[in-house]
Amino acid sequence: MDALIKATALVLVVAAVLAPFALEDSDAEAEMDGVMLYQVNPFDCEGVSIHNYGTSTVDISDYTIRDMPPGSNNEGVLSFSQGMKLAPGETLVIVSEISEDKPFSQQDNVVVIGDGKVESSGRFTLANGGDDIYLMDGNRVVDAMFYGNVEVDPTYWEGPAVTEKDRWFYRAGTVDHDDRSDWYQYTKGSINDPFTPTLQYDAEVTPFLFPESGGIPIYEALESATESICIEMYQLGSKNVIALLCEKLEEGVEVRVLLEGESLDGGHDPIVSAGPQWTQFLANGGEARLIGVGDDYNRFQFDHAKFAIIDGDTTIVTSENWTTQNMNGTLDDDPYDSSTSGNRGWGVIVTGAEYTGYMMSVFENDWSMDYGDVKLLSDVYDNLQSGEVWYEPPSDTGDFPSYSAKVTPILSCDNSYNALIYYANIAEERLYTQQQSYSEFGIFDEGSPLMIFDETSQRGVDTRVIFSDNLEDKVDQMNARTNVQVAMMDAPYVHNKGVICDDIVWVSSINWTETSMFQNRECCVAIESEEVADFFAEVFLQDFDRYYTYGGFTAYIEMDDVFESGSEIVATVNVTPASGNYEFVWDFGDGSEPITNDNNRQVARPADGTHTLKVQVTDISSGITKTVTFQYTMGDVPETPSDDPAGDGESPISDLLDGNLQYIIVILVVLLFAIAAAAKAHGGKSKKKGKRRNRWGSSRSAGPEGPMCRRCTASTLKTSTTTCRPTR
């Protein structure tokens, strides 16, 4: 019994010592620790800021900020005075000058270059059109950032530079991926929130479709209002909806409407067209404002959002403007009929005070006249016509079921691009989207929405896109060059911007354009509900099956992802349709010569290390070629020791654990067996292989917010057209 007691005590002591370090191991490589670049401003009062993300104060005397690559001396270097420190959570803003009307220089803890605290050697300037910035601790690059028209150094950055849009950049989260998913552009007067997938609210969700619903669920929700209605809309052209708002005002309901001030459609002005309704609306005490009409500054390129808030506990979110056609009040059981009125779009009614409270804060923020870009509708349109106004209730009624769900808010210009990356990377079974527009992004450029979807498809996820007919000349190219199945739909007109990721669905106003993601005000709600996702997936697949015409192939790699050193491995490329005549070029990424054959399965014995298998697949009959990739590891590959940004060094125990945690776990297991043996008596090391990936890549380890990988640790993902790789 003494042996049992001693073994148990030893296990408890070792576990107590190792437990905190084991917990840290999963997070240390995801969350930033120490001083990092936080803001980059190449415009008025230009400069940068740094932030201490760590838990201890950092002496930054040996740090420098360089407007040039390491080893170069043709530009400028910022250095800090001796003994200068940055406390945990503290931000230091460094500017060329201070101006009362330039918000970058009006932040807390601002220093001016040359004031004795921060000095410049050489010419430190940030080019408006593009530049690269490096934060260094001695000779070590701690952080780097590339924006605009600048050549990216792959040593410090992956993929394209951050797009330059005449506003300063800020870090969007607390995880550093060394690519443009880390950065957003600051908009004075916007929300500027990072994407947070764990920000979920319980709600009841009622999904509906355009044109099938005729907008009837919206009418019913508005009719039910007893206290307040707040609407933020790109175009509110339905005279009948405005007439209903006039009636609600007469009932004592407070009504506020915020509209985009430049939402002209081919010269047609929906506000002038509904002049009598707006005149009556204002006469009944309604408040109406226009955004985007600033003389000197506008927060957004367009306010393209489409949402409404009712009585403080209900939010309507749609992909569609509330136009006469979309809000015709008539059910349509055949949306493909040529006489159909209205676009293909999605909508939801979300009932829940917490989510509605979040959206109310968005509305109040955008409604504010403090920034000079919002004006009263009556001041801009001071000569609207009067006339008779009446409301006609919908001619039909329908059954629109509700479902329990969790909902997450997503906004542009704040975080929608990162959100798209996140959901594409966690998809395991299906990833669908229906999109009106795809512009400004280079369609096949790394980091574009299509290539983000293509990366998902290469894991075997069922990945499909439906575009409107304005992309007719690009659809065949998209199908030929990617594994994404792309259809072009012409009736009803696709105005939708929805996304389906497994059992999560976006209802959204966000187009696949850089303007929509980075410059507009857009609103999206991500709904986690199998029932709601299936509701929209069913009609998506109906649309897709009707319009998908491509006769080419798709392919993905299926194999294990971890192998014993020196072992023989088997890789399979699954090609659909399998009946074709294909040529395969296999490059296992370990320095060996590529292999060319007509076999979709290849056996190899690669060298040790972490490699990317690339297989070029060519359909001999059509000449179409696609390349699919897969990351795998041969043998034990120790993790690279993490840098120590704070310069505080590591403890001996931390050094011991670094790269050895798996062995310590084995020791603990052995000790547990010793306990069992000792108890029974009173008297080799196995290698863990990687799990076989199924066609949805479900072998990725799961964290509290979903599957985790190098790109999605701490629920913040990176953009890359390569498969997941070990954490750096």
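This write-up is about the structure you can find in this document. (Residues numbered from 1 in each chain as written. Predicted model: local features only at pLDDT ≥ 70, side-chain atom pairs only at ≥ 80, totals over all residues. Heavy atoms only, no water.)

Before going further, it helps to spend a moment on the packing of aromatic side chains. Summed over all chains, the structure comprises 34 aromatic pairs. Aromatic pair F544 and Y548: ring centres 4.7 Å apart, planes at 20 degrees, arrangement stacked. Among the aromatic residues, those joined into a cluster by ring pairs are F553, Y582, F584, W586 and F588. Stacked on the ring of W367, the Lys or Arg R256 has its end atom at 5.2 Å from the ring centre. For R546, the ring lying beneath its charged end belongs to Y336, and the centroid distance is 4.2 Å. (Phe/Tyr/Trp six-rings, centres within 6.5 Å; stacked < 30°, edge-to-face > 60°. Lys NZ or Arg CZ within 6 Å of the ring centre and 35° of its normal.)

The antiparallel open sheet is built from 5 strands, whose spatial order is β9-β5-β4-β10-β11. Because the sheet does not close on itself, it has two edges, and the strands there are β9 (118–121) and β11 (140–148). If you compare each strand with its neighbour and ignore which way they point, the axes differ by 20 degrees on average. In this structure, strand β5 (residues 77–80) lies alongside β9, joined through 4 bridges in antiparallel fashion. Its bridge partner being in β9, V77 is matched across the sheet by S121. (Pairing = 2+ DSSP bridges. Helix = DSSP H or I, 4+ residues; strand = E, 2+ residues; numbered from the N terminus. Axes fitted to C-alpha atoms, helices over the stretch in contact; angles between N-to-C directions.)

As a further point, take the side chain of R344. In this structure, R344 sits in the loop between β19 (314–318) and β20 (345–351). Residue classification places R344 among the buried positions, given a relative accessible area of 0%. (Buried < 20%, exposed > 50% of the residue type's maximum accessible area, 1.4 Å probe, protein only.)

Summarising the element assignment, P207 is placed in strand β14 (residues 201–210). For the pair P207 and T318, spaced 111 residues apart in the sequence, the C-alpha separation amounts to 9.8 Å. Excluding anything up to four places from it in sequence, P207 contacts G347, V348, F400, P401, Y403, V532, F535 and F536. (Contact = heavy atoms within 4.5 Å.)

Let us look at the pairing of strand β10 (residues 130–137). Looking along a regular strand, one sees the side chains alternate between the two faces of the sheet. Summarising burial for β10: 8 of the 8 residues are buried, a large majority. The alternating pattern of β10 places G130, D132, Y134 and M136 on one face and D131, I133, L135 and D137 on the opposite face, and all of these are buried. Across 4 bridges, the pairing between strand β4 (residues 63–66) and β10 is antiparallel. Each bridged residue has a counterpart across the sheet, and for I65 the counterpart in β10 is L135. Joining the antiparallel neighbours β10 and β11 is a turn of 2 residues, in which G138 adopts a positive phi near 65 degrees.

Omega for the peptide link from S412 to C413 comes to 5 degrees, which places this bond in the cis form. In this fold, C413 is placed in the loop between β22 (403–412) and α8 (416–426). Between A491 and the following residue, P492, the backbone shows a cis peptide bond with an omega angle of -10 degrees. Within the secondary structure, P492 is located in the loop between β26 (485–489) and β27 (497–501). The phi torsion at C45 lies on the positive side, around 55 degrees, for a residue other than glycine. When you line up the elements, C45 lands in the loop between β1 (35–41) and β2 (47–52). For D311, which is not glycine, the phi dihedral falls at a positive 55 degrees.

Here we take up the sheet that holds strand β36 (residues 601–604). With antiparallel pairing, 3 strands are arranged side by side in an open sheet as β31-β33-β36. Across the chains shown, the open sheet's two edge strands, defined by having one partner strand only, are β31 (554–558) and β36. The sheet shows a mean angle of 20 degrees between the axes of neighbouring strands, taken without regard to direction. Bridging between strand β33 (residues 569–576) and β36 involves 4 bridges; their strand directions are antiparallel. Paired with T572 across the two strands is R601, which belongs to β36.

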